[in-house]
Amino acid sequence: MTEQVIHLIDKDGKRTDGRNIDELRDIKITVGMIKNADGSAFIEFGKNKIIVAVYGPREVHPKHMAQPDRCVLRCRYHMSPFSTDTRKNPAPSRREVEISKVIREALEPAIILEDYPRAAIDIFVEVLQADGGSRCAGITAASVALADAGINMRDMVSACAAGKVADRIVLDVNDIEDKEGCADMPVAYLPNLEQVTLLQLDGILTKEEFNECLDTAIKGCKMVYEIQKQALIQKYFGNEITSDVKETAQ
Ligand code: ADP
């Protein structure tokens, strides 16, 4: 444990990447750069680099999968072979199948599926570079890409993890903290409806730590939401918002 304290949080309270415990990594979202898609977003979330493309609403193939009263939402999360330190097998792993499912379930409550009966919406999340928290970054970008595609939504979905590192609850766990830390809790949140749509926990926390971790992650989701809004405003209105969005959210 002592080794971990020295390694992951130094005596000045700084983390391996120089952040404070309640600080997000730098986030940049670019909207609409894939012209063949109906909506798209590229997110840089720390060192994560992820492209999301949304297609639809469109005809469902195979046809028997169509639902008479609502749209079918499909999601594929995939990590490129060059996205990690060691070459990742390009075939879908169990982890990618699971993450595809949790991303779909995190986004579904935000989409007004009944508006598109017999149709499908396909979401492709392609990780070009992974740095821990790629599912949260993927959900965040997917929500922006859905908005870019003009899909009717109840709210945005903003996602961010919190975790326990060297006995401290920290915001936005990075790759080394994810691997060497004590706990990682990815959360997706509807910021206006104040609903959690994804809550996972890898590790062990006390009840008090659990509550603190969840509160910290939700606070991070609200900061992420401001950045999502800024990205969409910049694409559609070309407005330069120069104020520090992280501070606005806090
Ligand atoms: P998340 O990226 O959502 O935090 P995980 O906790 O499963 O998901 O993964 C944490 C990190 O571990 C990833 O962001 C990536 O950097 C790394 N990782 C995941 N799968 C692999 C893999 N097959 N090979 C190498 N690194 C991986």
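Let us look at the structure shown here. Not measured: the values here are computed from a predicted model. Within every chain, residues take consecutive numbers counted from 1 along the sequence as written. Two thresholds apply to this predicted model, a pLDDT of at least 70 for residue-level local features and 80 or more for giving and counting side-chain atom pairs, whereas whole-chain, interface and lining totals are computed over all residues. Side-chain measures were taken over the full set of non-hydrogen atoms in the model, leaving aside hydrogen atoms and water.

## Observations concerning helix H2 (residues 94-107)
Heads up, the rule is: Only DSSP runs of H or I covering at least 4 residues are called helices, and only runs of E covering at least 2 are called strands; the numbering of each starts at the N terminus. By definition here, a helix of n residues has an expected span of 1.5 Å times n minus one. Three exposure classes are used, based on accessible area relative to the maximum for each residue type with a 1.4 Å probe and protein chains only: buried under 20%, partly exposed in between, and exposed over 50%. In this description, contact between two residues means that some pair of their heavy atoms is separated by no more than 4.5 Å.
Here H2 contains 14 residues, and its C-alpha end-to-end distance of 20 Å stays within 8% of the 20 Å for a straight helix at 1.5 Å per residue. Along H2, the residues that are buried comprise Glu96, Ile99, Ser100, Val102, Ile103, Ala106 and Leu107. Contact partners of the buried residues in H2: strand S4 (72-79), strand S5 (119-129), helix H3 (134-148), strand S8 (183-190) and strand S9 (195-199).

## Considerations on the nonpolar core
How we decide: Definition of nonpolar core: a set of buried residues of the types Ala, Val, Leu, Ile, Met, Phe, Trp, Tyr and Cys, connected through side-chain atoms within 4.5 Å.
If you look at the biggest cluster of nonpolar residues, it comprises 66 residues, and the most contacted ones within it are Ile29, Leu107, Ile121, Ile123 and Ile139. Of all the elements, helix H5 (residues 207-237) adds the most residues to this core, at 11 residues. The residues contacting isoleucine 121, other than those within four sequence positions of it, are Val54, Tyr55, Pro57, Cys71, Val72, Leu73, Arg74, Ile111, Tyr116, Leu146 and Ile151. Membership of the second largest hydrophobic core comes to six residues, among which are Leu8, Val165, Val170 and Val173.

## Notes on the pattern of salt bridges
In plain terms, the rule: Any carboxyl oxygen of Asp or Glu that lies within 4 Å of a side-chain nitrogen of Lys or Arg is treated as forming a salt bridge with it.
Across all of its chains, the model carries 21 salt bridges by this definition. A salt bridge links glutamate 44 to lysine 49, with the nearest nitrogen and oxygen atoms 3.1 Å apart. The class of lysine 49 is partly exposed, set by a relative accessible area of 29%. Here aspartate 122 makes a salt bridge to arginine 58, at a shortest N to O gap of 2.8 Å. Of this pair, aspartate 122 sits in strand S5 while arginine 58 is found in strand S3 (residues 48-59), placing the two residues 64 residues apart along the sequence.

## Side note on the site of the ligand
Threshold: The criterion for a residue being near a molecule or strand is simple. One of its heavy atoms has to lie within 4 Å of it. Each polar contact in these results corresponds to two N or O atoms within 3.5 Å; when the atoms are within protein, one needs to be able to donate a hydrogen and the other to accept it, and residues that are neighboring in sequence are counted only if both atoms are side-chain atoms. Accessible surface is estimated by sampling points in the Shrake-Rupley manner with a 1.4 Å probe; for residues, cover comes only from the protein chains shown.
For the ligand, the set of nearby residues contains 13 residues, the closest of which are Arg95, Gly132, Gly133, Ser134 and Arg135. Between the ligand and the protein, one listed contact pairs an oxygen atom with a backbone N or O atom of glycine 133 at 2.7 Å. Between the ligand and serine 134 there is a distance of 2.6 Å, counted from an oxygen atom to a side-chain nitrogen or oxygen. A total of 540 Å² of accessible area belongs to the ligand in isolation, and the protein chains cover 76% of it. At three residues, helix H4 (residues 175-180) tops the list of elements feeding residues into the shell around the ligand.

## Things to note about the pairing of strand S1 (residues 27-31)
Applied cut-off: Strand pairing is assigned whenever DSSP identifies at least 2 bridges connecting the two strands.
Burial along S1 is one-sided: the face carrying Ile27, Ile29 and Val31 is buried and the face carrying Lys28 and Thr30 is not. Alignment of S1 against strand S2 (residues 39-45), held across five bridges, turns out to be antiparallel. Looking at S2, one finds that lysine 28 is bridged to glutamate 44.

## A few points about the packing of H3 against H5
To keep it simple, the criterion reads: Here, axes are lines fitted to C-alpha atoms. For helices the fit covers the stretch in contact, and angles between N-to-C directions go from 0 to 180 degrees. For any pair of crossing helices, the crossing counts as left-handed if the nearer helix is rotated counterclockwise from the farther one by less than a right angle, and right-handed if it is rotated clockwise. The classification used treats Ala, Val, Leu, Ile, Met, Phe, Trp, Tyr, Cys and Pro as nonpolar, Asp, Glu, Lys and Arg as charged, and all other residues, Gly among them, as polar.
Between H3 and H5, whose axes approach to 10 Å, the crossing angle comes to 35°. The handedness of the crossing between H3 and H5 comes out as right-handed. Between H3, through Thr140, Ser143, Val144, Ala147 and Asp148, and H5, the contact on the second element is made entirely by Val224, Gln228, Leu232, Lys235 and Tyr236. By residue class, the composition of the contact of H3 with H5 is five nonpolar, three polar and two charged.

So, to be careful, I would describe these as geometric facts and stop short of saying anything about function.
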